[in-house]
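As a plain string of letters, each chain reads:
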Amino acid sequence: MMQIKLGFEEWRKLGKEIERIAQNEELELIISMTFGFSGVEGNEEENEEEEGVEEHEHHHHHITELPKEVIEELGYFMDTLRTKYNAKIDHHVHGDHAGVVASIMINGKDAINIFRNIIDDAKNCENCILAGIDGELHLGNDVSVIFFGDSYKLTFILPAQDGRRLIISEVNT
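Residues numbered from 1 in each chain as written. Predicted model: local features only at pLDDT ≥ 70, side-chain atom pairs only at ≥ 80, totals over all residues. Heavy atoms only, no water.

**So, the sheet that holds strand E5 (residues 142–149)**
In plain terms, the rule: A pair of strands is treated as paired once DSSP finds two or more bridges between them. Only runs of H or I of at least four residues qualify as helices and only runs of E of at least two qualify as strands under DSSP, and these elements are numbered from the N terminus. Every axis corresponds to a line fitted to the C-alpha atoms, with the helix fit spanning only the stretch in contact, and the corresponding angles, defined between N-to-C directions, vary from 0 to 180 degrees. Two residues form a contact once any of their heavy atoms are found within 4.5 Å.
Across the sheet, which stays open at both edges, the seven strands sit in the order E2-E3-E1-E4-E5-E6-E7 with antiparallel pairing between neighbours. Of all strands in the sheet, those with a lone pairing partner are strand E2 (88–93) and strand E7 (166–172), marking the two edges. Shown here is a sheet whose adjacent strand axes are inclined to one another by a mean of 15°, direction ignored. Bridge count for strand E6 (residues 153–159) against E7 is seven bridges, and the pairing is antiparallel. Within E7, the residue paired with Leu-158 across the bridge is Ile-167. Sitting on the sheet, helix H3 (residues 68–85) touches strand E1 (26–36), E2 and strand E3 (97–107), and the angle it makes with E3 is about 10°.

Below, the structure is given as structure tokens:
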């Protein structure tokens, strides 16, 4: 029970710090999410044949088409981001992963709740796995917060109130 309480407390503290940084101005959340897919395996025989190829020339995906269900789920997720948050979206899909980058304008007071909702929506994918998360919060043209991690733990780096130190906050998702 104590671990759960600590988790909520960390998110609450982080939310207050981001609200302080925003000072009632809008922030731009730029979040990049990488999705992996279960059941994607390489062809061992093909890998052995290509062993002699130099590393910088070797970029080969073994699956060229993703299952229809995966594409539909990611499409639904991106539509949700556009509809709920008026997000600008960019994405790419490869045989073994997909990336979604979203830009969303938010106020500091709602920043953490919106961020957590986006992560929860991304983790609801049944046919894919949220493998990596990183991004920034911008105040005007300045980067105010950076974050990175995965679907289990995120690290946020932001300025302390004195402006001379950094706060590093780790939170569980």
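**Some thoughts on the nonpolar core**
Note the cut-off: The set of buried Ala, Val, Leu, Ile, Met, Phe, Trp, Tyr and Cys residues whose side-chain atoms join them within 4.5 Å is what this entry labels a nonpolar core. In this scheme, a residue with accessible area under 20% of its type's maximum is buried, one over 50% is exposed, and one in between is partly exposed, where area comes from a 1.4 Å probe on protein chains only.
Ile-31, Met-33, Phe-35, Leu-81, Phe-115, Ile-118 and Phe-156 are the most contacted members of the largest nonpolar core, which has 42 residues in total. Those elements that provide at least two residues to this core are helix H1 (2–22), E1, H3, E3, helix H4 (111–123), strand E4 (129–139), E5 and E6. When residues in this core are grouped by element, the largest group, seven residues, is from H4. Discounting residues that sit within four places of it in the chain, Met-33 has contacts with Phe-77, Leu-81, Ala-98, Gly-99, Val-100, Ile-118, Ala-122, Leu-130 and Gly-132.

**Considering empty space enclosed by the protein**
Our working definition: Method remark: on a 1 Å grid restricted to protein atoms, a set of points is classed as a cavity if a 1.4 Å probe fits but cannot get out and as a pocket if it is open with protein on both sides within 12 Å along at least five of seven lines; lining residues have an atom within 4 Å of a point. Grid points are joined across faces, edges and corners, and a volume is the space filled by probe spheres set on the points. Each residue gets one of three labels, nonpolar for Ala, Val, Leu, Ile, Met, Phe, Trp, Tyr, Cys and Pro, charged for Asp, Glu, Lys and Arg, and polar for the others, Gly among them.
Per the counting criterion, the structure on display carries one cavity of 30 Å³ or more. In this structure, the largest cavity encloses a volume near 40 Å³. Every residue along the wall of the largest cavity is listed here: Ile-18, Leu-29, Ile-106, Ala-111, Ile-112, Phe-115, Leu-137, Phe-147 and Phe-156. A class-by-class count of the residues in the lining of the largest cavity yields nine nonpolar, no polar and no charged.

**Focus: the state of the cysteines**
Throughout this description, disulfide means a covalent bond between two cysteine sulfur atoms. Operational definition: Sulfur atoms of two cysteines make up a disulfide when they are within 2.5 Å.
For the coordinates displayed, the defined rule picks out one disulfide. Disulfide pairing is shown between Cys-125 and Cys-128; the S-S distance is 1.8 Å. What sets the handedness of the Cys-125 and Cys-128 disulfide is the S-S torsion sign, and at about 110° it is right-handed. Accessibility assignment for this pair places Cys-125 and Cys-128 in one class, buried.

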